[in-house]
Every structure is written in structure tokens, then in C-alpha cells.
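Each chain is listed here by its residues.
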Amino acid sequence: MTGRPGIDTPDHRGRTHLDRAGRGLARNPDVVVRDVELTSQGWHVLRRTTFDYRRRDGRWETQQRETYDRGNGAVVLPYDPERGCVLLTRQFRYPAYVNDHPDGMLVEAAAGLLDGDDPHTAIRRESAEELGVVLGPVTHVLDAYMSPGSVTERLHFFTAPYGPADRSGTGGGLEEDGEDIEVLEVPFTEGLAMIRDGRIVDGKTILLLHWAALSGPFAG
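Throughout what follows, the structure given in this document is the object of discussion. (Residues numbered from 1 in each chain as written. Predicted model: local features only at pLDDT ≥ 70, side-chain atom pairs only at ≥ 80, totals over all residues. Heavy atoms only, no water.)

1. Describing the pairing of strand 3 (residues 60-69)
- Of the pairings in the sheet, the one linking strand 2 (residues 45-54) to strand 3 comprises ten bridges and is antiparallel in character. Each bridged residue has a counterpart across the sheet, and for Phe 51 the counterpart in strand 3 is Gln 63.
- Between the end of strand 2 and the start of strand 3, which pair antiparallel, lie five residues, with Gly 58 showing a positive phi angle near 95 degrees. (Pairing = 2+ DSSP bridges. Helix = DSSP H or I, 4+ residues; strand = E, 2+ residues; numbered from the N terminus.)

Structure follows, in C-alpha cells:
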């Protein structure tokens, strides 16, 4: 019998047992996982899970949900307290482009998947690769599920001060990963204006800029 890649035998990324995710969950007595089906395994993993769910009125019903597992990630908003500006990126995002964004070029805070690192290590790596900045002290702001109806990713949010002396390169991301990232140094007030007029439509970036205005370095 031929093994099933990603289940019995390693897939193209060396992964096995991808169908086991969620089978042992028992933290919620009102949810009983019955089956996990691996439906797609490209770079990330799509699963269809069947589970029993006890409604608030006590009735049990069987439901199915698809989950897209791309791992967890981290995002950072570097800010220059002396000059009142922040570092952002601009890059092409096909999913936004195919869903009515004019050109798919999104202005965002630098972010990336953890890829086995802890969140602090990952965000320092992404800052160096995407922004060309070596971060000093970073502040953890919050964690959030950005699309909990279908995507499993939990995103770790950070801010960090920076100055001209912290620039270590041009940034731009890794060409071998298909990245072509433009680094933007934007006055903080302009960043808020970009949210209001629709130039910034990325959720994680909107959250960080508003946090900076309400509770962070630009509050008050």
C-alpha cells in the first residue's frame, strides 16, 4: 500500500501526521472532534474537520469546518520618537488584488511567519530582511486571531523604537522567496491619514497604528 504524503509518509516539506491536528483537543467539553481530513497541502495546509458541538440549549449537532493552517506570525511597527515617523512596507498581495483592490499593492507593517522561531526572534529577523533595520528593545503589544472563522494563525504584535543609526541595509525581503518589498518611512500623522482615505487597508497595520495613537508612543 502506497503511503499518503503528509500523513503516512513525508510530503515535499518533510511533514507527516498532518491529519492529527485537533484530534486530541479536550479543553472544551462542548466540542468533540470526530475526524480530520487533509484536503490540501501546498506550502500551507487545508483541513476539513468534523466535530460534535453542544449548543447553548443542550442539543448536540455535527458540524464541519475548513481551517487554513499557515502557522503563527509576528508583526512590528518601528517608530522614530525624535522625528515622529514609522517604518512600513509596500508590496504586491495577489489575494487583495483578486478581491477588488485596485492594484494589489498594500501598505503594511513588516510581518512574517515564525517558522519555528519564538516571536521576538522572528520579528527581529523580519525587520532585518524586510526593512533593513536592526531593532533594539521591542515591546509586545498583544496577540490576535485575524480571521478566526477559517485561518488558524495567531499573530504576535510588537512595536520598537528605531533611529537612522539602526538602519543596516536597504531591506526589500528575500528575492528567493519571491519578495519585492518597498520600505516606506512615513510621518505618523500621515499613516493615520492613510487609514482614513483608504491608502492603508491592511488590518494588522490599522490595529498597530491606532494602538500607537491611543496607548503607544504617539498617545496624547
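2. Considerations on the nonpolar core
- Of all hydrophobic cores here, the largest spans 22 residues; its most connected members are Val 75, Leu 77, Val 86, Leu 88, Phe 157, Ile 200 and Leu 209.
- Sorting the residues of this core by element identifies strand 4 (73-80), strand 5 (85-92), strand 8 (139-145), strand 9 (154-161), strand 10 (182-187), helix 3 (188-196) and helix 4 (203-214) as the ones contributing at least two each.
- The greatest single-element share of this core, amounting to four residues, is contributed by helix 3.
- Among residues more than four places away in sequence, those in contact with Leu 209 are Leu 77, Val 86, Phe 188, Gly 191, Leu 192, Ile 195 and Ile 200.
- Judged by nonpolar contacts, the second largest core, of 15 residues, contains Cys 85, Ile 123, Val 138 and Ala 160. (Core = buried A, V, L, I, M, F, W, Y, C linked by side-chain atoms within 4.5 Å. Buried < 20%, exposed > 50% of the residue type's maximum accessible area, 1.4 Å probe, protein only. Contact = heavy atoms within 4.5 Å.)

3. Structural notes on the packing of aromatic side chains
- Taken as a whole and assessed by the stated rule, the structure comprises three aromatic pairs.
- Here Phe 92 and Tyr 97 contribute two aromatic rings whose centre-to-centre distance is 5.5 Å and whose plane-to-plane angle is 65 degrees, an arrangement assigned as edge-to-face.
- Judged by relative accessible area, which is 42%, Phe 92 ranks as partly exposed.
- According to the relative accessible area criterion, Tyr 97 is partly exposed, its value standing at 41%.
- Relative to Phe 218, the ring of Phe 188 has its centre 4.1 Å away and its plane inclined at 10 degrees; by these criteria the two rings are stacked. With Phe 188 in helix 3 and Phe 218 in the segment after helix 4, this residue pair connects regions lying 30 residues apart in the sequence. (Phe/Tyr/Trp six-rings, centres within 6.5 Å; stacked < 30°, edge-to-face > 60°.)

4. Here we look at the pattern of salt bridges
- The tally for this structure, following the rule as stated, stands at 22 salt bridges.
- Two residues, Arg 4 and Asp 8, come together in a salt bridge whose shortest N-O distance is 2.7 Å.
- For Arg 4, a relative accessible area of 42% translates into the label partly exposed.
- For the salt bridge of Asp 197 with Arg 199, the shortest nitrogen-to-oxygen distance reads 2.8 Å.
- You can call Asp 197 partly exposed: its relative accessible area is 46%.
- One connected set of salt bridges, linked through shared partners, spans Arg 93, Glu 108, Asp 202 and Lys 204. (Salt bridge = Lys/Arg side-chain N within 4 Å of Asp/Glu carboxyl O.)

Shape is all these values report; function is a separate question.
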